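Remarks on the overall topology
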There are 2 protein chains.
Amino acid sequence: MKTYLDCYPCFFSQTIKTSRMITSDDRKIREILDAVSLFLPKVSFEASPPEIGREVYRIISDITGVEDPYQEIKERCTEHALSIYPKLKRIIESSDDRLMTAVRLAIAGNVIDFGANANFDLKKDIEMILSQDFAINHYKEFREKLDKAKKILYLADNAGETVFDRLLIEKIRKPVIYAVREKAVINDAVRKDALDAGLDEVAEIISSGTDAPGTILNLCSEEFLKIYRSSDLIISKGQGNYEGLSEENHPVFFLLKVKCPVIARDIGVKNGSIIFMKAKNK
Amino acid sequence: MKTYLDCYPCFFSQTIKTSRMITSDDRKIREILDAVSLFLPKVSFEASPPEIGREVYRIISDITGVEDPYQEIKERCTEHALSIYPKLKRIIESSDDRLMTAVRLAIAGNVIDFGANANFDLKKDIEMILSQDFAINHYKEFREKLDKAKKILYLADNAGETVFDRLLIEKIRKPVIYAVREKAVINDAVRKDALDAGLDEVAEIISSGTDAPGTILNLCSEEFLKIYRSSDLIISKGQGNYEGLSEENHPVFFLLKVKCPVIARDIGVKNGSIIFMKAKNK
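Residues numbered from 1 in each chain as written. Chains lettered and ligands numbered in written order. Predicted model: local features only at pLDDT ≥ 70, side-chain atom pairs only at ≥ 80, totals over all residues.

1. Brief notes about the overall build of chain A
Counting secondary structure elements, chain A contains 13 helices and 7 strands. What you see for chain A is a C-alpha radius of gyration of 18 Å, in line with the 19 Å of a compact globule of 282 residues. Dimensions along the principal axes, computed over C-alpha positions, put chain A at roughly 55 × 40 × 35 Å. Of all intrachain contacts in chain A linking residues separated by at least 6 positions in sequence, the fraction that spans at least 24 positions is 71%. (Helix = DSSP H or I, 4+ residues; strand = E, 2+ residues; numbered from the N terminus. Rg over C-alpha atoms; globule rule 2.2 N^0.38 Å. Contact = placed C-beta atoms within 7 Å.)

2. Topic: the relation of the copies chain B and chain A
Taken as rigid bodies, chain B and chain A are interconverted by a rotation of 180° and an axial shift of 0.0 Å, the fit giving an RMSD of 0.0 Å. On the angle and the small slide along the axis, the relation comes out as a two-fold axis. (Least-squares fit on C-alpha atoms with pLDDT ≥ 70 in both.)

3. Observations regarding the pairing of strand β7 (residues 274-278) of chain B
Residue and element names in this part refer to chain B. Across the 5 residues of β7, 4 count as buried, placing the element largely inside the fold. Relative to β7, strand β1 (residues 134-137) runs parallel, the two sharing 3 bridges. Bridging from a neighbouring strand, Ile136 pairs with Ile275 of β7. Pairing of strand β6 (residues 252-257) with β7 involves 5 bridges; the strand directions are antiparallel. If you follow Phe254 over to β7, its bridge partner there is Met277. (Buried ≥ 20, exposed ≤ 12 C-beta atoms within 10 Å, placed from the backbone. Pairing = 2+ DSSP bridges.)

4. A short note on the confidence of the model for chain A
Confidence along chain A averages 93 in pLDDT terms, with 96% of residues attaining 70 or more. In the predicted assembly, ipTM is 0.89 and pTM is 0.90. (pLDDT = per-residue confidence, 0-100.)

5. A look at the environment of Leu5(A)
Among the structural elements, Leu5(A) can be located in the segment before α1 (7-22). Using a count of 18 C-beta atoms within 10 Å as the deciding quantity, one classes Leu5(A) as partly exposed. For the pair formed by Leu5(A) and Val262(A), sequence separation is 257 residues and the distance between their alpha carbons is 9.2 Å. Apart from residues lying up to four places away in sequence, Leu5(A) is in contact with Ile16(B), Asp26(B), Ile29(B), Arg30(B) and Leu33(B).

6. Section: unusual backbone geometry
A positive phi angle is found at Arg173(A), which is not glycine, with a value near 55°. Residue placement: Arg173(A) occurs in the loop between α9 (161-172) and β3 (176-180).

7. Description of the sheet that holds strand β2 (residues 152-155) of chain B
Strand-to-strand pairing in sheets goes through backbone hydrogen bonds, with the strands running parallel or antiparallel. Residue and element names in this part refer to chain B. In space, the 7 strands of this open sheet follow the order β1-β7-β6-β5-β2-β3-β4, with mixed pairing throughout. Sheet topology places β1 and β4 (204-207) at the edges, where each strand pairs with a single neighbour. When the angles between neighbouring strand axes are averaged without regard to direction, this sheet yields 20°. Along the sheet face, helix α8 (residues 139-148) touches β1, β5 (233-237), β6 and β7 and points at about 50° away from the line of β7. Along the sheet, helix α9 (residues 161-172) contacts β2, β3 (176-180) and β5; its crossing angle with β2, the most-contacted strand, is approximately 165°. (Axes fitted to C-alpha atoms, helices over the stretch in contact; angles between N-to-C directions.)

8. With respect to the interface of chain B and chain A
Taken together, the 17 residues of chain B in the interface contact 17 residues of chain A. Secondary structure elements with two or more residues in the side of chain B that touches chain A: α1 (7-22) and α2 (26-39) of chain B. If one sorts the elements of the side of chain B that touches chain A by residue count, α2(B) sits on top with 7 residues. Across the side of chain B that touches chain A, the residue classes tally to 11 nonpolar, 2 polar and 4 charged. (Nonpolar A, V, L, I, M, F, W, Y, C, P; charged D, E, K, R; others polar.)

9. Concerning the domain arrangement of chain A
Residues and elements named next belong to chain A. Along its sequence, chain A is carved into domain 1 (7-64) and domain 2 (71-278). For domain 1 versus domain 2, the distance between C-alpha centres works out to 25 Å. Counting residues at the interface gives 11 residues for domain 1 and 13 residues for domain 2. Elements represented by at least two residues in the side of domain 1 that touches domain 2 include exactly α1 and α3 (49-64). It is α3 that contributes the most residues to the side of domain 1 that touches domain 2, 6 residues altogether. A breakdown of the residues in the side of domain 1 that touches domain 2 according to their chemical character gives 4 nonpolar, 4 polar and 3 charged. (Domains from an automatic or database assignment.)

10. Quick notes on the sheet that holds strand β2 (residues 152-155) of chain A
All names here are of chain A. Taken together, the 7 strands give an open sheet; going across it, the order is β1-β7-β6-β5-β2-β3-β4, and neighbouring strands pair in mixed fashion. Each end of this open sheet is capped by a strand with a single partner; those strands are β1 (134-137) and β4 (204-207). On average, each strand axis in the sheet is inclined to that of its neighbour by 20°, with strand direction left out of account. Here helix α11 (residues 222-230) sits on the sheet and contacts β2, β3 and β4; the angle it forms with β4, its principal contact strand, is near 125°.

11. Here we look at α1(B)
Turn by turn, an α-helix covers 3.6 residues, leaving residues three or four places apart pointing in a common direction. Between the first and last C-alpha of α1(B) there are 23 Å, a value that for 16 residues agrees with the 22 Å anticipated at 1.5 Å per step. If you check which residues of α1(B) are buried, you get Cys7(B), Tyr8(B), Cys10(B), Phe11(B), Phe12(B), Gln14(B), Thr15(B), Ile16(B), Thr18(B) and Ser19(B). (Expected span 1.5 Å × (residues − 1).)

12. Focus on the nonpolar core
By size, the foremost hydrophobic cluster in this structure holds 151 residues, and its most contacted members are Tyr154(A) and Tyr154(B). With sequence-adjacent residues up to four places away left out, Tyr154(A) is seen in contact with Asp165(A), Ile169(A), Val176(A), Ile177(A), Tyr178(A), Ala179(A), Ala203(A) and Ile235(A). (Core = buried A, V, L, I, M, F, W, Y, C linked by C-beta atoms within 7 Å.)

13. Here we look at the environment of Ile22(A)
Residue and element names in this part refer to chain A. If you trace the backbone, Ile22 turns up in helix α1. Judged by local crowding, Ile22 falls into the partly exposed class, with 18 C-beta atoms found within 10 Å. Linking Ile22 and Ile60, residues 38 residues apart in sequence, is a C-alpha distance of 9.2 Å. Once residues lying within four places of it in the same chain are set aside, the contact partners of Ile22 are Thr64, Val66 and Pro69.

Quick look at the structure:
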């Protein structure tokens, strides 16, 4: 997905939000905003939002000297998600379609996204998403692909959400490769976050090779690309991965809750929708 | 009021909104956004939002060659307000406290602000504001000042709202000088808009001498400043005038509906509040 004009104000909102997690010094934040201001005119708007978001995040990191402002929050989200893991497991096991319930919970986990919305109420959101209708639902195609799949790649999104991914991977009952970001960016999961959530017990953890907050193929490592290209089923979690892969001609299934009006318009659904959608060009 | 960090994203939202009224060419709007991006780091954040808003508006105007993108909308707002003028007049005349009702309607007219919020429902808003409690209400002090006032200056805000101002001025029953912007900026009233609303029948119309979307004294003409300084009662409509005069040591009464969370925080009230407040330092 290309960057839309309406992403512009949002880059600044996100900059302020992330900067405030690091400092309460308005002069320092103003310095960051100015640097972002001077950077944006240099960017091609053919670039996708995560490509720009990555640079914005680097500017914040360079000016403040703080590499991972979300570290504590990420750990707290993971701990919180782990504390309800047994309960979530029971919800899945007592449901009629366990795979479907695991898919829904994987989306519920996608609500944990401090980048898009700082106010979230996990319990309420889980209940809502378990009963919410999908705006787009390619579950049947997914099941068919899954039955035949030999190599499954799962693209992680945020820390904490990782615990919910684990629940879905446990229901997939096939070997899964779980890809996280190479370096900290917003609250996206890196290797440590995946390990904290116990993903190593159910999948092979790899890195995308980039610190973009989404899967931007031309920024990914050759090692990752090899696995990506040879996978016959890819589960892509969250908005950032969608933004990077929305035009892909590859067996990608996007699993996300839409939290932004621009992405809602790009997909053609209402903001707040839940989506289980195969890539358009496939 | 100084510019807050949270005004930053809003400058870009406003830029997009105003630009879209002129063109649907995203490349042109991107050019405008880039120019705004390069301009903002040069600005002192001691500047108030209307000082920056003025420059942003000039950038849009310079790049597109369109001087007054809101002209049609302003005319439509004025026509619409004039069409309900007799009805509003009856509401005032049949009320217990006619001056108070006129004050309330003057605030209701402040809802017509395409700069702050494009979606407005005038009839509903009038009904609501006629019954809404003031978050701050210095009406008693205002009446006392008004009784003694010899020179009253009324600072206009938006076109259309002008008709509501006229209703209040009619109830003031003293000579009033009505100040509009010198040149078009957003949907703020200029001389033509005041004339369209019939303000010349109830007041002397003057210009602030500036195209800032608020009363920024160091940008106003000497002629305006002379009148401002010698006035013993000033009625200031809307957010833009508040932003310019919030720190003033002068008998200013601010009459507005708060439509922005930053101004709400600055005043110390909830967003959406209605305010009739004398200047803090007076």
